[in-house]
Amino acid sequence: MRGFLSRLVSGFSLAQASLLCLAAGYASATLQELPMIQATDGEWVLSEGVYEGNFAVSRSLHFRCLPGAVINAGGQGHGLRLRAPDITVRDCEIQNWGRNLTNLDAGIFIERQAAGAVVENVRLSGPGFGVWVDATPNVTLRGNQIQGDVSVRSQDRGNGIHLFAVTGALVEGNEVSQTRDGIYIDTSNNNTLADNFLHDLRYGVHYMYSHDNAVLNNCTLRTRTGYALMQSRNLTVEGNYSEQDQNYGILMNYITYSTLRNNQVVAVKQGGMAGVGVDGAEGKALFVYNSPFNVFERNRFEQSDIGVHLTAGSEDNLVGGNAFIHNRRQVKYVATRLQEWSTNGKGNYWSDYLGWDRNADGIGDVPYEPNDNVDRLLWTYPQARLLMHSPSIDVLRWAQQAFPVVKSPGVRDSAPLMRNTVQHEAQTACRKKGRGK
């Protein structure tokens, strides 16, 4: 292959052929040149063929690959490194890069000096990271397809897209599957993730220590957690969809001053190992842990084991206009303060609400209280479920209604909605993306 490359290079001028260089990923430390042709529109073009090795772009340019052009990294190192500002890479296929996660082996590794890089419509398949963005500002990743190596254990694969200390990135319209996490954002602020399709992964979107980010109109399917948002603030999470994820649709761990709006979570299933369910791993459409001062509005949580699980100081949130539909348990609240879930005289829609509306204003006349002392007893002592339909449970429920003084604090919706008005188009769009997947 190297002799073939040398013969190809000899047919071009030095200026034409020296833009894409082979890094010292093989035994030889000599950089070999890869042929590039300058097209009439000013773009550089990589011709059809299989190019074996580890390559780097070290000059600002736009280049695209013609059909049949494949970069094969030979199972080691990076497939392609971007080392200069304002590089655009389009329509390429990169495969078989390394799997050493300590060395950050990636299909495309974008170095911090490569500001303004654009990676578009690139197909990547390999065991390590798909695209690693290393503290590079203003990067655009658009319309790429990234697939991991299913022969490698899930926890030993790289993430599909990994942003580290990045600002101003736009990650949109990508499809990621069979990697560890779909998109991992670490210590990265002021970025946008939009319209990505993330399926068959551990986490679809995974945030850590990242602030002032937008997560818009993404779709997760068959992950072990759709959206894992952790240790971050000022997030805008809007228009996203989760279906058939395990354990959690949306997980919030120490998220503050953030807004979740117009999201839809459907059919979150209990997690398990080898087909055996794990105790306490009920499928939670929304899990909120130690996350105060957030806004939840116009979200749909439906057909899951638990609609929302709220615990560990997750208080002082504004919750209104949401729909909780046909969840086995609508709310699990573990704390000691009363939580009012209505705002400005408008609460949420609950599919199991049994109240009435005598003045026909669309607001229930009786507050909705999803949990009582019996629920808390069953959470504390799960074995008590054996008595669920016994006279003793009926007596306990009657006593707490007759003597409210013994009632424990919990969630209260003082203005429950009589009709569901939360309708989203996210489900149709997500299923269209996932057709045939």
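Here's a quick rundown of the structure.

About the cut-offs
- Residues numbered from 1 in each chain as written.
- Predicted model: local features only at pLDDT ≥ 70, side-chain atom pairs only at ≥ 80, totals over all residues.
- Heavy atoms only, no water.
- Helix = DSSP H or I, 4+ residues; strand = E, 2+ residues; numbered from the N terminus.
- Buried < 20%, exposed > 50% of the residue type's maximum accessible area, 1.4 Å probe, protein only.
- Contact = heavy atoms within 4.5 Å.
- Areas by Shrake-Rupley, 256 points an atom, 1.4 Å probe, with all protein chains shown as cover.
- Disulfide = S-S within 2.5 Å.
- Pairing = 2+ DSSP bridges.
- Core = buried A, V, L, I, M, F, W, Y, C linked by side-chain atoms within 4.5 Å.
- Salt bridge = Lys/Arg side-chain N within 4 Å of Asp/Glu carboxyl O.
- Phe/Tyr/Trp six-rings, centres within 6.5 Å; stacked < 30°, edge-to-face > 60°.
- Lys NZ or Arg CZ within 6 Å of the ring centre and 35° of its normal.
- 1 Å grid on protein atoms, 1.4 Å probe; cavity = no way out; pocket = protein on both sides within 12 Å on 5 of 7 lines; lining within 4 Å.
- Points joined across faces, edges and corners; volume = space filled by probe spheres on them.
- Nonpolar A, V, L, I, M, F, W, Y, C, P; charged D, E, K, R; others polar.

A word on the overall build of the chain
Right, so step 1: From N to C terminus, the chain includes five helices and 44 strands.
Right, so step 2: Residue burial in the chain is summarised as follows: out of 437 residues, 52% are buried.
Right, so step 3: If you take every contact in the chain between residues at least 6 apart in sequence, the share linking residues at least 24 apart comes to 50%.
Right, so step 4: Summed over its atoms, the accessible surface of the chain is roughly 19,000 Å², and 51% of this surface lies on carbon and sulfur atoms.

Thoughts on the side chain of Ser314
Right, so step 1: Within the secondary structure, Ser314 is located in the loop between strand S38 (306–311) and strand S39 (318–320).
Right, so step 2: Classification of Ser314 by relative accessible area gives buried; the value is 2%.
Right, so step 3: Setting aside its immediate chain neighbours within four residues, Ser314 contacts Val288, Tyr289, Asn290, Ser291 and Gln339.

Considering the state of the cysteines
Right, so step 1: Overall, the coordinates contain one disulfide when judged by the stated rule.
Right, so step 2: A sulfur-sulfur separation of 2.0 Å characterises the disulfide bridge that pairs Cys65 with Cys92. Because the torsion about its S-S bond is 80 degrees, the bridge between Cys65 and Cys92 counts as right-handed. You can see Cys65 sitting in strand S7 (residues 62–65) and its partner Cys92 sitting in the loop between strand S10 (88–90) and strand S11 (93–95), a full 27 residues away along the chain. Of the two residues examined, Cys65 and Cys92, each falls in the buried class.

Examining the pairing of strand S30 (residues 248–256)
Right, so step 1: Sheet analysis places strand S27 (residues 225–233) next to S30, joined by seven bridges and oriented parallel. Paired with Arg233 across the two strands is Thr256, which belongs to S30.
Right, so step 2: Two elements, S30 and strand S35 (residues 284–289), share five bridges in a ladder whose sense is parallel. For Asn253, the partnering residue across the bridge sits in S35 and is Tyr289.

Focus on the nonpolar core
Right, so step 1: In this structure, Phe63, Leu82, Ile108 and Ile110 are the most contacted members of the largest nonpolar core, which totals 73 residues.
Right, so step 2: Among all residues touching Ile108, those that are not within four sequence positions of it are Leu80, Leu82, Ile94, Val119, Val122, Leu124, Gly130, Val131 and Trp132.

Points about the environment of Asn290
Right, so step 1: With respect to the helices, strands and loops of the structure, Asn290 is situated in the loop between S35 and strand S36 (295–297).
Right, so step 2: Here Asn290 falls in the partly exposed class, since its relative accessible area comes to 31%.
Right, so step 3: Along the primary structure Asn290 and Gly313 are separated by 23 residues, whereas in three dimensions their C-alpha atoms are 4.8 Å apart.
Right, so step 4: Those residues in contact with Asn290 that lie beyond four places of it in its chain are Tyr254, Ile255, Thr311, Ala312, Gly313 and Ser314.

Section: the pattern of salt bridges
Right, so step 1: Tallying each qualifying case throughout the model produces 22 salt bridges.
Right, so step 2: Here Glu111 makes a salt bridge to Arg83, at a shortest N to O gap of 3.2 Å. Of this pair, Glu111 sits in the loop between strand S12 (106–110) and strand S13 (118–120) while Arg83 sits in the loop between strand S9 (80–82) and S10, placing them 28 residues apart in sequence.
Right, so step 3: Classification of Glu111 by relative accessible area gives buried; the value is 11%.
Right, so step 4: Looking at Arg83, the relative accessible area reads 34%, which means it is partly exposed.
Right, so step 5: One salt bridge connects Arg112 with Asp134, and the closest N-O pair in it is separated by 3.4 Å. Residue Arg112 is found in the loop between S12 and S13, and its partner Asp134 is found in strand S15 (residues 129–134); the two are separated by 22 residues along the sequence.
Right, so step 6: Owing to a relative accessible area of 13%, Asp134 belongs among the buried residues under this scheme.

Quick notes on the packing of aromatic side chains
Right, so step 1: If you walk through the whole model with that rule in mind, you get 10 aromatic pairs.
Right, so step 2: Measuring from ring centre to ring centre gives 6.3 Å for Phe287 and Tyr289, while their planes differ by 25 degrees; the resulting arrangement is stacked.
Right, so step 3: With relative accessibility at 12%, the residue Phe287 sits in the buried group.
Right, so step 4: Directly above the aromatic system of Tyr203 lies the positively charged group of Arg202, at a separation of 4.5 Å from the ring centroid.

Quick notes on the environment of Ser232
Right, so step 1: By the secondary structure assignment, Ser232 is in strand S27.
Right, so step 2: Residues Ser232 and Asp186, spaced 46 residues apart in sequence, show a C-alpha to C-alpha distance of 9.9 Å.
Right, so step 3: With residues up to four places along the chain from it excluded, the contact list for Ser232 reads Tyr207, Met208, Tyr209, Ser210, His211, Tyr254, Ile255 and Thr256.

Some remarks on empty space enclosed by the protein
Right, so step 1: A full pass over the atoms with the stated rule returns one cavity of 30 Å³ or more.
Right, so step 2: In this structure, the largest cavity spans a volume of roughly 60 Å³.
Right, so step 3: Lining the largest cavity are Leu286, Val288, Phe296, Phe301, Val308, Leu310, Val319, Asn322, Phe324 and Trp341.
Right, so step 4: Residue assignment for the lining of the largest cavity shows that the elements contributing at least two residues are S35 and S38.
Right, so step 5: Each residue belonging to the lining of the largest cavity can be placed in one class, and the counts come to nine nonpolar, one polar and no charged.

So, unusual backbone geometry
Right, so step 1: The backbone of Ala165 shows a phi angle near 55 degrees, a positive value even though the residue is not glycine.
Right, so step 2: By the element assignment, Ala165 lies in the loop between strand S18 (161–164) and strand S19 (170–172).
Right, so step 3: One non-glycine residue, Asn262, adopts positive backbone phi at about 60 degrees.
Right, so step 4: Tracing the backbone shows Asn262 in the loop between strand S31 (259–261) and strand S32 (264–266).

Let's talk about the environment of Tyr254
Right, so step 1: Structurally, Tyr254 is set in strand S30.
Right, so step 2: Along the sequence, Tyr254 and Gly313 sit 59 residues apart, while their C-alpha atoms lie 9.5 Å from each other.
Right, so step 3: If we ignore the near neighbours within four places in the chain, the residues touching Tyr254 are Gln231, Ser232, Tyr289, Asn290 and Ser291.

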